[in-house]
Structure formats: structure tokens, C-alpha cells
Amino acid sequence: MRPETFTAVVADAALSPNVHNIQPTAWRRIDDFTVAAIQASGRTLPVGDPSGRDVAASHGAAVEGFILAASLRGLAMSLTAPADCEIARLTVTETAAPDPLAPFLTRRRTYRGRFTSDRAETALDALVQATPDLTVLRNRDDIDQIARLNDRASLRAFRHSGFRAELLAWMRLSPRHPRWSVDGLNARAMEMSGVEALGAGLVLRPGLFELLDRLGLAGALTGEAAVVNSSAAVALFYRPADEAAFDTGRRWHRVWLEMTRLGLSAAPMTVLADDEAAASALAARFGQPPGARLITAFRIGRVADEALPPSARRAVADLIA
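The rules behind the values
Here the residue numbering is sequential within each chain, running from 1 through the sequence in written order. Local features are withheld for residues below a pLDDT of 70 in this predicted model, meaning they are given only at 70 or higher, and side-chain atom pairs are given and counted only at 80 or more; totals for whole chains, interfaces and linings count all residues. To get the side-chain values, take all heavy atoms of the structure and skip hydrogens and water. Every helix listed is a DSSP run of H or I at least four residues long, and every strand listed is a run of E at least two residues long, numbered separately from the N terminus. As a reference, a globule follows 2.2 Å times the number of residues to the power 0.38, and the radius of gyration itself is taken over C-alpha atoms. Relative accessibility under 20% of the residue-type maximum defines a buried residue, over 50% an exposed one, and the middle range a partly exposed one, all with a 1.4 Å probe and only protein chains included. In this analysis, two residues are considered to be in contact whenever any of their non-hydrogen atoms come within 4.5 Å of each other. For this count, His and the chain ends are skipped, Lys and Arg are scored as positive, and Asp and Glu as negative. For charged residues, the charge sits on one atom: NZ in Lys, CZ in Arg, CG in Asp, CD in Glu. Should DSSP find at least two bridges between two strands, the strands are taken to pair. Angles here are taken between N-to-C directions and fall from 0 to 180 degrees, while the axes themselves are lines fitted to C-alpha atoms, restricted in helices to the stretch in contact. Roughly parallel refers to an angle under 35 degrees, roughly antiparallel to one over 145, roughly perpendicular to one between 65 and 115, and oblique to any angle outside these ranges. Whether a crossing is left-handed or right-handed is set by the direction in which the near helix is turned from the far one by less than a right angle, anticlockwise for left-handed and clockwise for right-handed. In the scheme used here, Gly and all other residues not listed as nonpolar or charged are polar, with Ala, Val, Leu, Ile, Met, Phe, Trp, Tyr, Cys and Pro taken as nonpolar and Asp, Glu, Lys and Arg as charged.

Asker: Mind showing me how you'd approach the overall build of the chain here?
Answerer: A tally of helices and strands in the chain yields 13 helices and 10 strands. Scaling as 2.2 N^0.38, a compact globule of 321 residues should have a C-alpha radius of gyration of about 20 Å, and the chain matches this with 20 Å. Evaluated residue by residue, the chain yields a buried proportion of 51% over its 321 residues. Considering only residue pairs separated by 6 or more positions, the chain has 76% of its internal contacts joining residues 24 or more positions apart. The distance from the centre of the 37 positive side-chain charges to the centre of the 36 negative ones in the chain is 4 Å.

See the structure below:
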């Protein structure tokens, strides 16, 4: 892997999904055959992700993205034992044909807005066949129930002042923010108008949020049931309970790319897995595969390509150590 190829692959891998778009993975080229993934300094979520599981899954997604991008350049990569302070080490083993999902690596986006009215039945049928680790729910009552669970779980999370502060630190609520197009969650990606973004910056701060919560208004301001109910489906993503988060992240990325391949857009609702009450309610209503755990729930639907937000990403030079 020559330096120019390495740079191009890193640029594509950077588009991999990651928690809150904190982009925790950096890359080091060891030699022409070996690359290491490492933890980027300061890019963790000590409050929202105290165990580091979400960051580890993000690393797995990034490594999968790197392998996919390398396959587009005719290179097969294998994982070998990492050295100290490395997340993973990848080695060029042979030439390879492009992975069928690789062309969709740069087209995948998180879409947090309302979907079109297209129920996308043919694409959803294909998704069910291609991804056995998804439970795809299309019944409108089921989706409405999940929307309500998501709102209640989100409100419980927002009641944690430390969580709100950490989230706000990664939110870019104005195009004037110096990191608007670099990292974090900007208002465009969150489908917020200028007024909504301004309001979010005020509502989530200490004091006002607690007051609104006491008045019973906080849930209405933080809820997104209408958006969830616009989905063609909600897919519950399960993986083995004992699977390493890094490996889960690799599969999470491929499942999302499969949706993209089928012309579907999606956004994860991870709070449904993180919130014990919500996860229990989902298991009680829809069942749960034996020995599995819920990783996230995707809301899925159709959206016009021009409505998909551009990806905010760090410069490639900042991703290379």
C-alpha cells in the first residue's frame, strides 16, 4: 500500500459511521504492507459511553470501511495481532476484487429527517433476506410504539445533566461554528432549522431544561415521534451477547451499507438499546433471539438523494498519525 493509496483509503474509511460523529479512529502506515488503527486523542465519550463500547464499535466500523476501501483498489486486507496502543493492525495479503458493498461506502449517510411516503416494500423484502440479524418491523402500530419508547428513553437520557453537556460539546448548532463541517453533529445533519438549532442550544443547558421538565414540556421539545412514524420500517439489530464491540461495529457497518445498496436511508436510535426499560419493553413485545443482545434500532425509509446531508469529516491529514 503506497502512501498515496493509503491516503485515499483513509479518506474513504473516514466516512464510516461512528458515535456522535466524534471520529475516534486514526491511522498509521507502518510500511507498504501494514497499517494500524489507533485511538485518536481526546475522542471518547466518558459520560455517554463510560464503558467505551460505542467507541470500540466505531473503531470496528472504521476498520471495516478501510478494508472495503482497500478492496476498491484491488487490495485484500487481513487483521493481525495489534501491537501495544493499537486498536487493530491490517496487513495486505493479496490482490482482491472489490467487495460488493464497497461502492456504497462513500454514498451512505445518516438521515435524521422525515422520510417520503414510499413504503419501499420490495427493498425491505430484500433487506430481510440479506440481513438475518435484523428484525424488520413494518406494522404501523409497532412503529408507533417504538416511536413512543424512543421518546421516553431519550427524555430519561436528557435528564442526565452530564450527558446533555457532553452532547452539546459535540453539537454544531450554527454554520459559524469553526467545526461545523469537521466533526460532531451539526444542525444540518440533525435536520434542524436555524430557529430549532437556537432553541436546542438553550433548552439543553442546565436550569432551563430542568424547569421545562418540571412543567412537563421537555418531552415535547426533545421528542421525535413524528419523524420515527414517517419510517417505512424500524429494524432491530441484534448480535451475540458475548461478541466484542469491535466485531459488532464491523457488522453494523455492513448492515447499514446493505440498506444503502437497496436504496434505503436510515438513522440509528441507540438509546433504545442503552435504556434498560426500553430494551426490556422491546424484548417483551417483539421477542429477542436466544443469546443475543439489542445493539440499536434503525428507522428506515426512502429519501431523495439531494436531501441527504453532506458528511462532516476531519481532514485526511488529521486522521493520519
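Still more to cover.
Asker: Just checking my understanding: could you explain the sheet that holds strand 1 (residues 25-29) for this structure?
Answerer: Pairing between the strands of a sheet comes from backbone hydrogen bonds, and it takes one of two forms, parallel or antiparallel. Spatial strand order, 1-2-4-3: 4 strands in an open sheet with antiparallel pairing. If you trace the sheet from one side to the other, it starts and ends with strand 1 and strand 3 (75-80), each paired once. Each strand of the sheet is rotated relative to its neighbour by a mean of 30°, with strand direction disregarded. The pairing of strand 2 (residues 34-39) with strand 4 (residues 88-95) spans 4 bridges and is classified as antiparallel. Following the sheet pairing, Thr 34 is matched in strand 4 by Thr 91. Helix 1 (residues 3-13) contacts strand 1, strand 2 and strand 3 of the sheet and is inclined by roughly 170° relative to strand 1.

Asker: Looking at this model, I keep getting lost on the packing of helix 2 (residues 53-72) against helix 10 (residues 245-261). Mind explaining?
Answerer: Helix packing for two helices is described by the angle between their axes and how far apart those axes are. The interhelical angle for the contact between helix 2 and helix 10, taken along N-to-C directions, is 55°, at an axis separation of 6 Å. One finds that helix 2 runs oblique with respect to helix 10. Every pair of crossing elements has a handedness; the one defined by helix 2 and helix 10 is right-handed. For the pair helix 2 and helix 10, contact is made by Arg 53, Ala 56, Ala 57, His 59, Gly 60, Ala 61, Val 63, Glu 64, Gly 65, Ile 67 and Leu 68 and by Ala 245, Phe 246, Thr 248, Gly 249, Arg 250, Trp 252, His 253, Arg 254 and Leu 257, respectively. The residue inventory of the contact of helix 2 with helix 10, partitioned by class, reads 10 nonpolar, 6 polar and 4 charged.

Asker: Is there a simple way to think about the environment of Phe 163 in this case?
Answerer: Summarising the element assignment, Phe 163 is placed in helix 5 (residues 161-170). A C-alpha to C-alpha distance of 28 Å links Phe 163 and Gln 288, two positions 125 residues apart in sequence.

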